[in-house]
Each structure stands twice: as structure tokens, then as C-alpha cells.
Amino acid sequence: MDQNNFDKIIERSLAIREKYHQLEIQQNGSEWRAEQDALAYLTDAGLVGRNVMSNEKTWSKKNAAEELEHKLGENIWWLIVLADRTGIDIKEALDQFLTKTENIFS
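These numbers come from a predicted model, not from an experiment.

Calculation notes
Residues numbered from 1 in each chain as written. Predicted model: local features only at pLDDT ≥ 70, side-chain atom pairs only at ≥ 80, totals over all residues. Heavy atoms only, no water. Helix = DSSP H or I, 4+ residues; strand = E, 2+ residues; numbered from the N terminus. Buried < 20%, exposed > 50% of the residue type's maximum accessible area, 1.4 Å probe, protein only. Phe/Tyr/Trp six-rings, centres within 6.5 Å; stacked < 30°, edge-to-face > 60°. Lys NZ or Arg CZ within 6 Å of the ring centre and 35° of its normal. Axes fitted to C-alpha atoms, helices over the stretch in contact; angles between N-to-C directions. Parallel < 35°, antiparallel > 145°, perpendicular 65-115°, else oblique. Contact = heavy atoms within 4.5 Å. 1 Å grid on protein atoms, 1.4 Å probe; cavity = no way out; pocket = protein on both sides within 12 Å on 5 of 7 lines; lining within 4 Å. Points joined across faces, edges and corners; volume = space filled by probe spheres on them. Nonpolar A, V, L, I, M, F, W, Y, C, P; charged D, E, K, R; others polar. Patch = residues over 30% accessible without salt bridge, like charges linked within 9 Å, V, L, I, M, F, W, Y side chains within 5 Å. Areas by Shrake-Rupley, 256 points an atom, 1.4 Å probe, with all protein chains shown as cover. Salt bridge = Lys/Arg side-chain N within 4 Å of Asp/Glu carboxyl O. Core = buried A, V, L, I, M, F, W, Y, C linked by side-chain atoms within 4.5 Å.

Caption draft 1: Highlighting the environment of Glu18. Along the chain, the position of Glu18 falls in helix α1 (residues 3-28). With a relative accessible area of 38%, Glu18 lands in the partly exposed category. Residues Glu18 and Val81, spaced 63 residues apart in sequence, show a C-alpha to C-alpha distance of 9.8 Å.

Right, dumping it as C-alpha cells:
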């Protein structure tokens, strides 16, 4: 994936999150705080585990592959949102992680 595509994914992710903020204000009178976003992410991360189990046939669930694909995408979306909400440049964070980890193995 080139840089422009990742920038567009980030832009789309944040636009979707803004729409959810509007819905939260309508339903609850306020936007979710970053802590609530983190808890929602952790819930979805746990569901990735269940869906991997289903994909590996160790947990029975219908539409496991489809649901796993959805949850993997959703988890990436949440990470982009959480990075933005905490003032972290997700592209820089990922690059630094990859460089540090590559250096471990070189």
C-alpha cells in the first residue's frame, strides 16, 4: 500500500468516527471519551480472537470468515481512531515499530 492510500484510509476512518460522534451526541448527549473508544476497541479485539477460533474450527460460529474479515478491518479502524484521539501519528508509530522490530532481527 502506498503512502497516499494509507493517508486516504486515515482520512476516511476519521470521517466515519466523526459521524459516530454525532450519533453519540444525539443518543447520549455527549461524544464518547477516548477511554470509551479504547474499551470498544478491546471488545472488538476479543471478537477477533473468537473469530480466529471459528476460522480454525475450534469455536462454532456461522459466517466466521466474513466476520473475521470485518473485525480485522474494524480493529485497524479503531487503532487509527485511538492514535488520532491521543495525538499519535499512526504512520510514524507504525514505521518506528517496524524499524525497531526489523533491527532486532538483523
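There is more to say after this.
Caption draft 2: Looking closely at the packing of aromatic side chains. Taken as a whole and assessed by the stated rule, the structure comprises 2 aromatic pairs. With a centroid separation of 5.8 Å and 55° between ring planes, the pair formed by Tyr20 and Trp77 is classed as tilted. Within this pair, whereas Tyr20 is found in helix α1, its partner Trp77 is found in helix α3 (residues 64-85), the two being separated by 57 residues in sequence. Taken together, Tyr20, Trp77 and Trp78 form an aromatic cluster joined through their ring pairs. Lying across the ring of Trp59, Arg50 places its NZ or CZ 3.5 Å from the centre.

Caption draft 3: Seen up close, the packing of α1 against α3. α3 packs onto α1 with a crossing angle of 80° between their chain directions and a minimal axis gap of 9 Å. One finds that α1 runs roughly perpendicular with respect to α3. Residues Ile9, Ile10, Ser13, Leu14, Ile16, Arg17, Tyr20 and His21 of α1 form the contact with α3, whose own contacting residues are Trp77, Trp78, Ile80, Val81, Asp84 and Arg85.

Caption draft 4: Inspection of the layout of surface pockets at higher detail. Computed from the structure, the largest pocket encloses a volume of approximately 160 Å³. Every residue along the wall of the largest pocket is listed here: Phe6, Ile76, Leu79, Ile80, Ile90, Ala93, Leu94 and Phe97. No other element matches helix α4 (residues 90-104), which puts 4 residues into the lining of the largest pocket. Residue classes in the lining of the largest pocket are distributed as 8 nonpolar, no polar and no charged.

Caption draft 5: Quick peek at a nonpolar patch on the surface. The grouping of Ile16, Tyr20 and Leu23 at the surface amounts to a nonpolar patch, some 260 Å² of accessible area in total. Along the chain, Ile16 falls in helix α1.

Caption draft 6: Quick look at the nonpolar core. Among the nonpolar cores identified, the biggest contains 6 residues, and these are Ala40, Tyr41, Trp77, Trp78, Val81 and Leu82. Listed by contribution, the elements that provide at least two residues to this core are α2 (34-55) and α3. Here the element with the most residues in this core is α3; it accounts for 4 residues. Once residues within four sequence positions are removed from consideration, Ala40 is found in contact with Trp32 and Trp78.

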